[in-house]
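# Report on the structure
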Amino acid sequence: MINVQSVAHLARLTLSSDEEKAFEAQLSSIVQHFSEVEAVNTANVEPLITPTDITLVFREDKKLAVQTAEEAMKNAPERSGNLFKVPPVV
Amino acid sequence: MSKNITELDLSTLVEKIGKKEISAEKVTAEFKSQIEKLNTRINAFITVSDDCLSQAKEIDRRLANGEKVGRLAGAPIAIKDMFCTKGLRTTAASKMLRNFVPTYSATVVERLRAEGAIVMGKTNQDEFAMGSSNETSHFGACRNPWNFDYVPGGSSGGSAAAVSARMSCAAVGTDTGGSIRQPANFCHLVGVKPTYGRVSRYGIVAFASSLDQAGPMTRTVRDAALILEVISGHDEKDTTSATKDVPKWSENLSAQLRGMKIGMPVEYFNHGIADDVRATVMRAADILKAQGAELVELSLPLTKFAVPIYYLIATCEASSNLARYDGVRYGHRADFSKQAAADLEEFYSRNRGEGFGSEVKRRIVLGTYALSSGYYDAYYKKACQVRRLLRQDFIEAFKKCDVILSPASPTPAFKIGERIDNPLEMYLNDIYTTSANLAGIPGMSVPAGFSHNKLPIGVQFLAAHFEEQKMLNAAFAIEQNLKLTAEVPYAIQ
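### Here's the deal with the overall build of chain A
- Across its full length, chain A holds 3 helices and 2 strands.
- The secondary structure elements of chain A, listed N-terminal to C-terminal, are α-α-α-β-β.
- The C-alpha atoms of chain A give a radius of gyration of 23 Å, which is well past the 12 Å a tight globule of 90 residues would have.
- C-alpha extents for chain A along the principal axes are approximately 55 × 45 × 20 Å.

Below you can see the structure in the form of structure tokens.
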């Protein structure tokens, strides 16, 4: 059984009590479904992360005009000049 | 004009616009009026571009001046709301990003614009592309133009509905476990997920980075091939984008399949497959045979593990990718004026708890659990090991055949609300599509018929890494023989 509350805390995620209850049952059945995979013999198998071969390409380390501070601030929920503002948390 | 403009496919429209037989402005206006007529009922678009007519006028101006216009000049295209569009709201269908206006565009969008495509707007989807029905959108469910009681599929449901309902002549979507192919299948469209790395992921809202790929959704195979040519190719902003040359798929289409071997994995026809779907795939197999292809039976024994390892890997990557949404620099900020946060952690937790919907939260919790100390080896590492074996199965299979033919999903579209309360049942719907993302191979769906209750049914083709041409040709043969591209959704007639 997954302790949903403690996992949600690790993910910095507030859940409603309804969500907590629903997730507990749903996630158990999903994890149960995954347990079938245990039967696959994976001894000495290297985990696969990226599914195609990648050639790393490097670009010149040149200065580019990407965006201005004003543009970067445009989506800020709250700001003070060119600083992102958050409410006091202590 | 004998035929309604919105009934013409992309290639035809671009040709007519290029010859100045019709203006780009007239074409865009026709599709725009279709959006105005139908979007309140179908809910395909979250945001409609307010400058689409001026984009089109610019194409007409350049044509009038004899300037060069691109390969997609004047083609109205819908963009899934996962692609960042500079100056145009990009929400990922989430409350978290409901006011987010990007300061740059995804490479896919830039390449479409550079070839003259008209951006019609941003289409509905499952929140952060997490879903198979478009029902997890913060902006409400989207309806299937073939029958409004049914889902258009997901996660690129709005893109599929937009093209199907003639609100745009094509769309781009993203596919992490079937999110282009399944909605294309449900809405009578061609949908292509290219090889992992073909298309740059720069500027696409990240869901599961090792699985995500962007691709076209169109009414014809040729249109899909053409858009794919435009959006493919190396991008220095995405290190995982392939440096391989981009073939001229659209010019090399051929329905003549002599010498082609079509693999049919026994595991794909085992159980849970609707009779209509099975019959449609078998009819497609007969057509391919008549076109000169040879059918080969083969086995992909790890198929039954594809869905569980997919959901494990996708949720692990998502829990990591979505950690960036903390409500500090952008995204949803909870109201702390009445109740202050006790500490920084509570500040993040409340922003995230309010900003994400239930399906997204469920997946973040699952991914976080699977990556947490003590469980990592049993879940994430194990899934990645099986992933390698699964890819190896495909590499072996493609020594025996050129393309694989399969259903795109076990059933045609299902009713809105029918599966939303049972996540596991919803996940199992992705059984035929997730393997391609795990193995990194290309896959596509193409319209191939209708169910007894008049819902579209497509078939899926898979090919080896970077062998898109082979599956496009097989799909082209189906399209040329069945001649179903002109079918108009009943609900919008």
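### Some details on helix 7 (residues 221-231) of chain B
All names here are of chain B.
- Most of helix 7 sits out of view: 10 of its 11 residues are buried.
- Residues Val221, Asp223, Ala224, Ala225, Leu226, Ile227, Leu228, Glu229, Val230 and Ile231 constitute the buried set of helix 7.
- Remark: Gly233 follows helix 7 within two positions and exhibits a positive phi of approximately 115°.

### As for unusual backbone geometry
- Cis geometry is adopted by the peptide bond preceding B:Ser155, which originates at B:Gly154 and carries an omega value of 10°.
- Residue placement: B:Ser155 occurs in the loop between strand 3 (118-123) and helix 5 (157-164).
- For A:Asn44, which is not glycine, the phi torsion reads 60° and is therefore positive.
- Here A:Asn44 shows up in the loop between helix 2 (17-34) and helix 3 (69-73).
- A positive phi angle, near 65°, is found at B:Phe466, a position not held by glycine.

### Thoughts on the layout of surface pockets
- The computed volume of the largest pocket comes to approximately 760 Å³.
- Around the largest pocket sit 30 residues that line it, and A:Gln67, B:Cys84, B:Thr103, B:Tyr104 and B:Tyr202 are the ones nearest its centre.
- Taken together, the residues of the lining of the largest pocket break down into 17 nonpolar, 5 polar and 8 charged.
- Size it by volume and the second largest pocket reaches roughly 420 Å³.
- Around the second largest pocket sit 20 residues that line it, and B:His271, B:Gly272, B:Leu428, B:Ile431 and B:Tyr432 are the ones nearest its centre.
- A per-element tally of the lining of the second largest pocket places helix 9 (residues 303-321) of chain B first, with 4 residues.
- Among the residues making up the lining of the second largest pocket, the classes are represented as 8 nonpolar, 7 polar and 5 charged.

### Thoughts on the sheet that holds strand 4 (residues 170-175) of chain B
All names here are of chain B.
- Spatial strand order, 1-3-2-4-6-5-10-11-9-7-8: 11 strands in an open sheet with mixed pairing. Both outer strands of the open sheet, strand 1 (45-48) and strand 8 (294-298), are each paired with one neighbouring strand and no more. The mean inter-strand angle of the sheet, taken between neighbouring strand axes irrespective of direction, is 30°.
- Note that strand 5 (residues 190-193) and strand 10 (residues 443-450) share 3 bridges and pair antiparallel. Bridge pairing in strand 10 places Lys193 opposite Gly443.
- Helix 7 rests against strand 2 (76-80), strand 4, strand 5, strand 6 (213-218) and strand 10 of the sheet, and its axis sits at about 145° to strand 6.
- Packing against the sheet, helix 15 (residues 468-482) makes contact with strand 5, strand 9 (403-407), strand 10 and strand 11 (456-463), and its axis sits at approximately 15° to strand 10.

### Remarks on the packing of helix 4 (residues 107-114) of chain B against helix 7 of chain B
All names here are of chain B.
- Between helix 4 and helix 7, the shortest axis-to-axis distance is 8 Å and the interhelical angle comes to 110°. Accordingly, the angle class assigned to the pair helix 4 and helix 7 is roughly perpendicular. Judged by the twist between their axes, the crossing of helix 4 over helix 7 is right-handed. Contacts between helix 4 and helix 7 pair Val108, Arg111 and Leu112 from the former with Ile227, Val230 and Ile231 from the latter.

### Observations concerning the interface of chain A and chain B
- In this assembly, 51 residues from chain A lie in contact with 70 residues from chain B.
- In this assembly, chain A packs against chain B so that about 5,300 Å² is buried in total across both faces, 68% of it on carbon and sulfur atoms.
- Our count for the chain A to chain B interface comes out at 3 salt bridges.
- B:Lys361 is the partner of A:Glu19 in a salt bridge, and the nearest nitrogen-oxygen pair spans 3.0 Å.
- Where chain A touches chain B, the interface holds 23 residue pairs in polar contact (both at pLDDT 80 or more).
- If you list the elements that add at least two residues to the side of chain A that touches chain B, you get helix 1 (4-10) and helix 2 of chain A.

### Thoughts on the packing of aromatic side chains
All names here are of chain B.
- Tallied over the full model, the rule gives 20 aromatic pairs over all chains.
- Residues Phe100 and Tyr330 carry aromatic rings whose centres are separated by 5.4 Å and whose planes lie at 45° to one another, so their mutual orientation is tilted. One end of the pair, Phe100, is in the loop between strand 2 and helix 4; the other, Tyr330, is in the loop between helix 9 and helix 10 (344-355), with 230 residues separating them in the sequence. Judged on exposure class, the residue Phe100 and its partner Tyr330 are both buried.
- With a centroid separation of 5.9 Å and an interplanar angle of 55°, the aromatic rings of Phe347 and Tyr348 are classed as tilted.
- You can call Tyr348 partly exposed: its relative accessible area is 25%.
- Lys244 extends its terminal NZ or CZ atom over the ring of Phe466, reaching a point 4.9 Å from the ring centre.

### A word on helix 3 (residues 52-64) of chain B
Residues and elements named next belong to chain B.
- Over its 13 residues, helix 3 runs 19 Å from end to end, which matches the ideal 18 Å to within 8%, given 1.5 Å per residue.
- Within the span of helix 3, buried status applies to Cys52, Gln55, Ala56, Ile59, Asp60 and Leu63. Mapping the buried residues of helix 3 onto a view down its axis gives an arc of 140°, with all of them on the same face.
- As for helix 3, its buried residues are in contact with helix 1 (10-18), helix 2 (24-42), helix 4 and strand 3.
- Just downstream of helix 3, Gly66 is the residue with a positive phi angle, here 75°.

### Some words on the nonpolar core
- Judged by nonpolar contacts, the single largest core of 180 residues is most densely connected at B:Leu112, B:Phe128 and B:Phe461.
- At 11 residues, the largest contribution of residues to this core is made by helix 9 of chain B.
- With residues near it in sequence (within four places) discarded, B:Phe461 still touches B:Leu288, B:Val403, B:Ile404, B:Leu405, B:Pro442, B:Gly443, B:Met444, B:Val446, B:Met471, B:Ala474, B:Ala475 and B:Ile478.
- In terms of nonpolar packing, the next biggest core, distinct from the first, is built from 6 residues, A:Val89, B:Ala334, B:Phe336 and B:Ala341 among them.

### Comments concerning the side chain of B:Ser445
All names here are of chain B.
- Along the chain, Ser445 turns up in strand 10.
- Separated by 2.8 Å, the side chain of Ser445 and the backbone oxygen of Arg181 make a polar contact.
- Residues in contact with Ser445, not counting those within four places in the same chain, are Arg181, Ala184, Asn185, Leu189, Val190, Gly191, Ala408, Val459 and Gln460.

Conventions and cut-offs
Residues numbered from 1 in each chain as written. Chains lettered and ligands numbered in written order. Predicted model: local features only at pLDDT ≥ 70, side-chain atom pairs only at ≥ 80, totals over all residues. Heavy atoms only, no water. Helix = DSSP H or I, 4+ residues; strand = E, 2+ residues; numbered from the N terminus. Rg over C-alpha atoms; globule rule 2.2 N^0.38 Å. Buried < 20%, exposed > 50% of the residue type's maximum accessible area, 1.4 Å probe, protein only. 1 Å grid on protein atoms, 1.4 Å probe; cavity = no way out; pocket = protein on both sides within 12 Å on 5 of 7 lines; lining within 4 Å. Points joined across faces, edges and corners; volume = space filled by probe spheres on them. Nonpolar A, V, L, I, M, F, W, Y, C, P; charged D, E, K, R; others polar. Pairing = 2+ DSSP bridges. Axes fitted to C-alpha atoms, helices over the stretch in contact; angles between N-to-C directions. Contact = heavy atoms within 4.5 Å. Parallel < 35°, antiparallel > 145°, perpendicular 65-115°, else oblique. Left-handed = near helix turned anticlockwise from the far one by under 90°. Buried area = accessible area lost by both parts, 1.4 Å probe. Salt bridge = Lys/Arg side-chain N within 4 Å of Asp/Glu carboxyl O. Polar contact = N/O pair within 3.5 Å; in protein donor to acceptor, adjacent residues only side chain to side chain. Phe/Tyr/Trp six-rings, centres within 6.5 Å; stacked < 30°, edge-to-face > 60°. Lys NZ or Arg CZ within 6 Å of the ring centre and 35° of its normal. Expected span 1.5 Å × (residues − 1). Arc of directions from axis to C-beta. Core = buried A, V, L, I, M, F, W, Y, C linked by side-chain atoms within 4.5 Å.

It is worth stressing that arrangement in space is one thing and function is another; only the former is reported here.
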